[in-house]
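Coordinates in review
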Amino acid sequence: MRNSLVIALLRLGDLVQSFPAISDLSRAADGGEVALMVQQDLVPIARMHPGVTQVIPFDGDTLLNATRAKGEWSRQGLTYVNELCDLVDELNPDLIVNLTHTAFSANLCSIIKAEEVRGRSLAKDGGTQLNGDWTRYFFTLMSSRSSNPVNLVDLFREIAGVNKGPYDKPVIPPDASRFAAQILQPLADKPIIVLGIGSNHPLRSWDSNLWRTTVELLLNNSECSVIVIGSAGDREASNIVSDGWGERCLNICGETDLVQLAAVIDRCDLFIGHDTGPMHIAAMLDKPCLGIYLAMASAWETAPYRNGAVSIEPNVDCHPCSEQGDCTDPICHQAISPFSIADIALNMLNGVVPDQRDDCTMRVSRQKDGGRLRLEGSIKASDQNRLIWFDLIDVVLERNNRFPKPVQCTAIWRHELTQLKSEVLQLVHKMIGGLQIPYNNRSNDFHDPLAVEIPALIARYPGLRLLFDLYRLDTICHETQGIEVRIENIVKAQEKLLRRIANLQKISEQGRVSMLDTSIQTADGFNASKSEIT
Amino acid sequence: MNYLEENLKRIAIGNPDIELLRNRYRPDYPEIKTAKDGSPVPVINKKSLHSSYNPASEAQKWVQNLGIEFNKDTLYVIGGLGFTYHLSELLKIVPAEQLVVIEKDTALAASALANRPSDVFPQGLRFIVGQTAARAHARLNEINRNNHDIVFLDHPASNNIYPDYYSAIKGIIRVQKTEKYGGYKVLLVSPMYGGSLPVTYCVQRALNSIGHRCELLDNTSFYPGFKHIQEVTTHKQHQNALNSMLTSLLAETVTARAVETQADLVLVIAQGPATAEVIEELRKADIRTAFWFVEDGSTLQYWKGIAPLFDGFFVIQKGEFFTQLKDAGCQHPYYLPMAADPAIHRPLELTPEEIAEFGSDLSHVGAGYHNRRDFFAGLLDFDFKIWGSDWEKAGPLSHIIQRDGERIPTEDTIKIFNASKINVNLHSSTYHSGVNPFGDFLNPRTYEIAACGAFQLVDERRYLAENFEVGTEVVTFNSLQDMRDLAREYLEKPEERAEIAAASRQRVLKEHTFEHRLRELMGVIAGRYPEWKPKGGGLPTAEELIRAAGEDSEMVAVMERFIGKGPLTLEDVAADIEKGEGEFTRTEAMILLLNEFRRWGLEKGVM
């Protein structure tokens, strides 16, 4: 029996994405308590997790008021923190899992006494202490997000550090369920699609008129009903989407609390929306999800954590854009067509796996045997880095059982990268050899010399797939282009890939593996800035 | 019946201002009407100072509404004498010794003494009459030697006639109360260069010294950039555009810093950066704004765009300039003359070598303005030294220009003031020869020479007499001949020079230091904005926290280091804990957590 405290002072979406990690911890607690500390306004959501035995509210407003230099820090502030810590002390946790990246959450871990802390905590000298390799990974993401192939749910699960297993569905309280039944009564017996049109940033929210066209297509091409959800702040936009469709389109923006919203989502057949809390609630409730990832949102990081969920990204070179949110010309919005969204949605509603499309990048979430979530489907050029890392993380983990210390890590990365480089070179050599057998010389039983090797290699390094796709196009399709052009294309792709590998090598030679920034002090006191990297 | 003489005699003791009133009595002012109950009631600008039915019963209600719980450790101050009905009523519950009456209008006060019988002026009652707000407050401090708590009681009808005056005094009293507890946080914005820069540093020292927390936003580092712009192009339009961008950039740093430091007031000194957008942003962030325009408003015109935007616009000129300011939309300009910092400008014991180097019969430290060049050419037969820059090197003055016309560092300026028998202080003018007949404001030098306890002959200025007593504290000239005569006369009278110089220094120390000015400036803002309170107000001191901690020995251990350090902010305490060694106690860890949370809030912009 082991008591755990999970500190998850996160926003709605991230909190919901921490649910599988909490299920893992709950299983490992072996009958012990699992307490979850969340922001005050998310307490009802936290209570929906069946594995949580106690929810501890964190009242950020009180603390903010107390620290606004009114002298209240010494009275209200310290009193509040004292009470909070007393509450946790009563729990007497053996383990604290801190899923919050803020410095003050690390301070909190240093006040509460527990045998073990996972996630960020405070070193004895007051510096930052990152416990565990995955915590370190988590903290280096800021500088290398475009390379990260690990879904946030998996990251939380890795940081929690217990065996993964089946995770719990949130439990909808009966009164919220009754509320949803009542609201949805007029739409009975018809498939229901919920549209989450809001998000936490205007750049991430698809244009209301495009949503409206989508609704029009959905209603005209099926018998479904549509419910538009969102906060009170989304009302104006939602009216544009919902006005004029009569009973088949219900707008409940701002009319529900979060739990009631979850109850409504629980009764739908498909959720379409942005990378937001409601979408992750839908995924956790095991609802088919169709996510639209615009601007800074990337499916690699936050695709719905459910087998078969579909993520759509625009086919524009600048996506995903920087976290600054300063884009003045969001071309990604127009790059996704309502026709595609409606078509994919109607296929999903009918239980059909939708076809890939040319106008956008469509990927399907897949998670096998407790492994990490993987995205299948089309691959964009910008995915190369992520794919290479996805493979390397697996290779390294497979060989070492865990992340090695950074110094060893660097050596291993370097070895892997050299290996990868030589395999790419060999592969290209063979590809070019294969291409040089002219089409007209190929007999009917022509056997591609790479037919076996390539799938095996790609199984290890899916990052090579772009290269392979080019080759396949050239060998299988009877293109009119000359052999030189085709070879040139492959060599170009090879160069690109090698450049990327060379970059990674360079980083590792500088002693900084981008995904494991060694300048951060680790749990065991290792400080890479003082390490002997040769 | 006229009670003036009788009353003057009765209350003369302990009230130095009262003697002035003898000459201020005017039978025709204020107009006196008779109330329904027969009492005399003064009327000024058609506003009656008491009820026209029954002044005594109105006064009773006034006292009732004040709801005073009499405290023997409190000094009660009434803003406005009127014809004393309210005073009489208050005297029923507060002894005369604990009461001070402040009245701005000397003629009204004289009329009250003339028209009201002597029994309404008990002995021991103190009056402050006809003083500026700052001087009234200084007098109040002299009276309040026992540091009693001061309670200001508004006489609404008097306040109605001189609202700015009473609100300033009220504000100064309020601000002074905060000074003991860390005062207000002031972000002081300096210019990039120029004559108002030394003033900025004096303001910083003064604010900190009277108990506020002043942080300097020093813009001098941008001066090379500014110079660069002037050299990049000679095209005026481009230059203006670039200068305006630089101003916007600097102004934006003001908002950034003010919000970050949770400033209560942003005070910009002349030539410092200010834009309408930034002032608006500061207003939204609940930060008051003030500008001290220590310049000649008729020479420099940039005040027009910014004066109306500030919560307080402080100037060194009155009269015509006030009218212009009001026309430009600045409703409440406030006259705040220059001052001296006695920590810098002070009497010095000089060595014989220094006297030889810096001394002369006559001297002048300053730049070579047109009027000075003309005027000083008429003093060449004296032992005369000129110090400072921008003098014609080839002209008739060339042989008396010291150090080849270099700028003189402040420390040497002070030695010159001290070593010279007569400091010639001719205010600059670009348009006149010699003495500017329209000169009004006083330059910093007037106060600085006086603060050094040095003797000066100064040209006649409109506001001189209200700052110094002419003849006993400073001596003035109005022409070259006048100046020559006075120089000859005073060179012969070293003792009189010393006496006058000492008196002028005393006057500066009593009334014209930067501390006096800044106290007044803060008071004016506080008076205008009664809701304006220090954001850091109520900060705890270590002593209070130790008291409150009781048995909590950890808190006592943390706080012991801060005893005697005044109000403590969370940042101060956290920074100190972070510097320490060893493992954190629970209390220390909690304080660090709170501080991290505060930082997080700032970063997220939710503070």
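The shown structure was predicted, so the numbers you read here are calculated from the model rather than taken from an experiment. (Residues numbered from 1 in each chain as written. Chains lettered and ligands numbered in written order. Predicted model: local features only at pLDDT ≥ 70, side-chain atom pairs only at ≥ 80, totals over all residues. Heavy atoms only, no water.)

Regarding its fold elements, chain B presents 25 helices and 18 strands. In chain B, buried positions account for 53% of the 607 residues. Approximately 27100 Å² of chain B is accessible, and the part contributed by carbon and sulfur atoms is 50%. (Helix = DSSP H or I, 4+ residues; strand = E, 2+ residues; numbered from the N terminus. Buried < 20%, exposed > 50% of the residue type's maximum accessible area, 1.4 Å probe, protein only. Areas by Shrake-Rupley, 256 points an atom, 1.4 Å probe, with all protein chains shown as cover.)

In this section: the overall build of chain A. When you go through chain A residue by residue, the secondary structure sums to 21 helices and 14 strands. A buried classification covers 56% of the 534 residues belonging to chain A. Long-range contacts, defined here as pairs at least 24 residues apart, represent 64% of the contacts in chain A between residues at least 6 apart. (Contact = heavy atoms within 4.5 Å.)

Bringing the sheet that holds strand β1 (residues 31-34) of chain B into the picture now. Residues and elements named next belong to chain B. Taken together, three strands build an open sheet; the order of strands is β1-β2-β3 and the sheet is antiparallel. Looking at strand neighbours, the two that pair on one side only are β1 and β3 (47-48), the edges of this open sheet. Where β1 meets strand β2 (residues 40-44), four bridges bridge the pair, whose relative direction is antiparallel. Across the sheet, E31 pairs through a bridge with V43, a residue of β2. (Pairing = 2+ DSSP bridges.)

The subject of this paragraph is the packing of aromatic side chains. Residue and element names in this part refer to chain B. Under the definition given, this model contains 31 aromatic pairs over all chains. Measuring from centroid to centroid gives 6.2 Å for F70 and Y76, while their planes differ by 25°, and the two rings are stacked. Assessed through its relative accessible area of 40%, F70 is described here as partly exposed. Consider the rings of Y184 and W532, whose centres lie 4.0 Å apart with planes at 25°: the pair is stacked. Separated by 348 residues along the polypeptide, Y184 in the loop between α7 (163-179) and β8 (185-189) and W532 in the loop between α21 (514-528) and α22 (542-549) bring together distant segments of the chain. By the burial criterion, Y184 is buried, and W532 matches it. Within the aromatic cluster, the residues linked to one another by ring pairs are F291, F293, Y302, W303, F310, F313 and F321. (Phe/Tyr/Trp six-rings, centres within 6.5 Å; stacked < 30°, edge-to-face > 60°.)

Take the interface of chain A and chain B next. Taken together, the contact pairs 30 residues of chain A with 31 residues of chain B. Regarding the contact of chain A and chain B, the summed buried area is about 2600 Å², with carbon and sulfur atoms giving 71% of it. Applying the counting rule to chain A against chain B returns two salt bridges. Here R586 of chain B ties to D86 of chain A by a salt bridge, and the two come within 2.9 Å at their closest N and O atoms. (Buried area = accessible area lost by both parts, 1.4 Å probe. Salt bridge = Lys/Arg side-chain N within 4 Å of Asp/Glu carboxyl O.)

Residue and element names in this part refer to chain A. Counting through the fold element by element, L285 comes out in the loop between α13 (277-284) and β11 (289-292). Look at L285 and you get buried, because its relative accessible area is 2%. Taking the C-alpha atoms as reference points, L285 and A262, separated by 23 residues in sequence, lie 8.5 Å from one another. Here L285 is in contact with K169, P170, I172, A262, I265 and D266, once residues within four sequence places are set aside.

All names here are of chain A. Burial analysis of helix α12 (residues 258-266) places seven of its nine residues in the buried class, which makes it a mostly covered element. Burial in α12 covers these residues: V259, Q260, L261, A262, A263, V264 and I265. The elements touched by buried residues of α12 are α3 (43-46), α9 (174-184), β7 (192-196), β8 (225-229), β10 (270-274) and α13. For α12, the N-terminal capping position is held by D257, with its side-chain oxygen 3.1 Å away from the main-chain nitrogen of V259. (Polar contact = N/O pair within 3.5 Å; in protein donor to acceptor, adjacent residues only side chain to side chain.)

So, about the confidence of the model for chain A. All names here are of chain A. Summing up the model confidence of chain A, the mean pLDDT is 81 and the portion of residues at 70 or higher is 75%. Contacts of residues 401-408 to residues separated by more than four positions or lying in other chains number 23 contacts, the stretch itself having pLDDT below 50. Taken together, the stretch residues 511-534 has pLDDT below 50 and engages in 57 contacts with residues farther than four places along the chain or on a different chain. (pLDDT = per-residue confidence, 0-100.)

This part is about the sheet that holds strand β7 (residues 149-154) of chain B. Residues and elements named next belong to chain B. The parallel open sheet is built from four strands, whose spatial order is β6-β5-β4-β7. Both outer strands of the open sheet, β6 (126-129) and β7, are each paired with one neighbouring strand and no more. Each strand of the sheet is rotated relative to its neighbour by a mean of 20°, with strand direction disregarded. As paired elements, strand β4 (residues 74-79) and strand β5 (residues 99-103) share four bridges and run parallel to each other. Bridge assignment links Y76 to a residue of β5, and that residue is L99. Together, β4, β5 and β7 form the strand contacts of α7, whose direction differs from that of β7 by roughly 160°. (Axes fitted to C-alpha atoms, helices over the stretch in contact; angles between N-to-C directions.)

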